[in-house]
Amino acid sequence: MRAGRWLLRGVLAAVALLILASGVWTSWDTMRHALGGGGGERGTLTLQECGRDACAGSFEPFSGAPTGDDIPPSVVLAQSVGRSAGETMSVVLRPGTVEAVRTGGPGVMEAALPFAGALMLASLVVGGGMRMARTGWTIGISGIILLGGIFLTW
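Here the residue numbering is sequential within each chain, running from 1 through the sequence in written order. Residues qualify for local features only when their pLDDT is at least 70, as the model is predicted, and side-chain atom pairs are given and counted only at 80 or more; totals for whole chains, interfaces and linings, by contrast, use all residues. Only hydrogens and water are set aside; all other atoms, that is, all heavy atoms of the structure, feed into the side-chain values.

**Q** For unusual backbone geometry, give the residues involved together with the corresponding values.
**A** Even without being glycine, arginine 131 reaches a positive phi, approximately 60°. Within the secondary structure, arginine 131 sits in the loop between helix 3 (113–129) and helix 4 (133–153). Strands here mean DSSP runs of E at least two residues long; helices mean DSSP runs of H or I at least four residues long; both are numbered from the N terminus.

Right, here's the structure in full:
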């Protein structure tokens, strides 16, 4: 009976770690661009139109950046909530695409959204499945705080 409990705890711990690892992995794909380590052209995006899933606008590279045929005339920002035409923000283009990612603090916080969700989901596994209530609450509250920070910097 005791061995079964330890086995169940081990499986649930592996599930919680897998959830957290997938949140970090998903966040890192966007965060590396927001932090400036993913390459790509940096500049400002002026939104011209926002649809249901994305906003499109004109991209202007920062001063001193090379201009030419490699800079697309219109780029896409994969979000539409809380955005309106005329807004200007700092972005970086994903290499080889017309997809833009926000940079700076708001971009990093926005990239951390999958990790915030993973924290809240893992808290249920840790608190409910593993019967570690305090640790589960701590993980869940950390996810909620991160989600609140994302909302404030949106």
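Following the structure, the description resumes.
**Q** Talk me through the side chain of serine 27; I want residue IDs and the actual numbers.
**A** Position of serine 27 among the secondary structure elements: in helix 1 (residues 2–34). Here serine 27 is in contact with Ala111, Ala112, Pro114 and Phe115, once residues within four sequence places are set aside. Between two residues, a contact is recorded if the distance between any of their heavy atoms is within 4.5 Å.

**Q** So what's going on with the packing of aromatic side chains? Residues and values would help.
**A** Between the rings of Phe, Tyr and Trp (Trp by its six-membered ring), a pair exists once the centres lie within 6.5 Å; its type follows the angle of the planes, with under 30 degrees stacked, over 60 edge-to-face, and the other angles tilted. One pass over the structure, following the stated rule, counts zero aromatic pairs. Just above the ring of tryptophan 6 sits the side chain of arginine 9; from NZ or CZ to the centre is 6.0 Å. Lysine and arginine charges are scored as sitting over a ring when NZ or CZ, respectively, is within 6 Å of the ring centre and within 35 degrees of the ring normal.

**Q** Could you give an account of the nonpolar core, with specific residues and numbers?
**A** What is meant by a nonpolar core is a set of buried Ala, Val, Leu, Ile, Met, Phe, Trp, Tyr and Cys residues, joined one to another through side-chain atoms within 4.5 Å. Three exposure classes are used, based on accessible area relative to the maximum for each residue type with a 1.4 Å probe and protein chains only: buried under 20%, partly exposed in between, and exposed over 50%. In terms of nonpolar packing, the biggest core is built from 16 residues, with Ile19, Val125, Val126 and Leu146 touching the most fellow members. When contributions to this core are tallied by element, the ones reaching two or more residues are helix 1, helix 3 and helix 4.

**Q** Break down the pattern of salt bridges for me, citing the residues and quoting the values.
**A** Put simply, a salt bridge is a Lys or Arg side-chain nitrogen that is within 4 Å of an Asp or Glu carboxyl oxygen. For the structure on display, the rule yields four salt bridges. A salt bridge links aspartate 29 to arginine 94, with the nearest nitrogen and oxygen atoms 3.7 Å apart. Residue aspartate 29 is located in helix 1, and its partner arginine 94 is located in the loop between strand 4 (88–93) and strand 5 (99–102); the two are separated by 65 residues in the primary sequence. Members of the salt-bridge network, linked through shared partners, are Asp29, Arg32, Arg94 and Glu99.

Read these as geometric descriptors, not functional statements.
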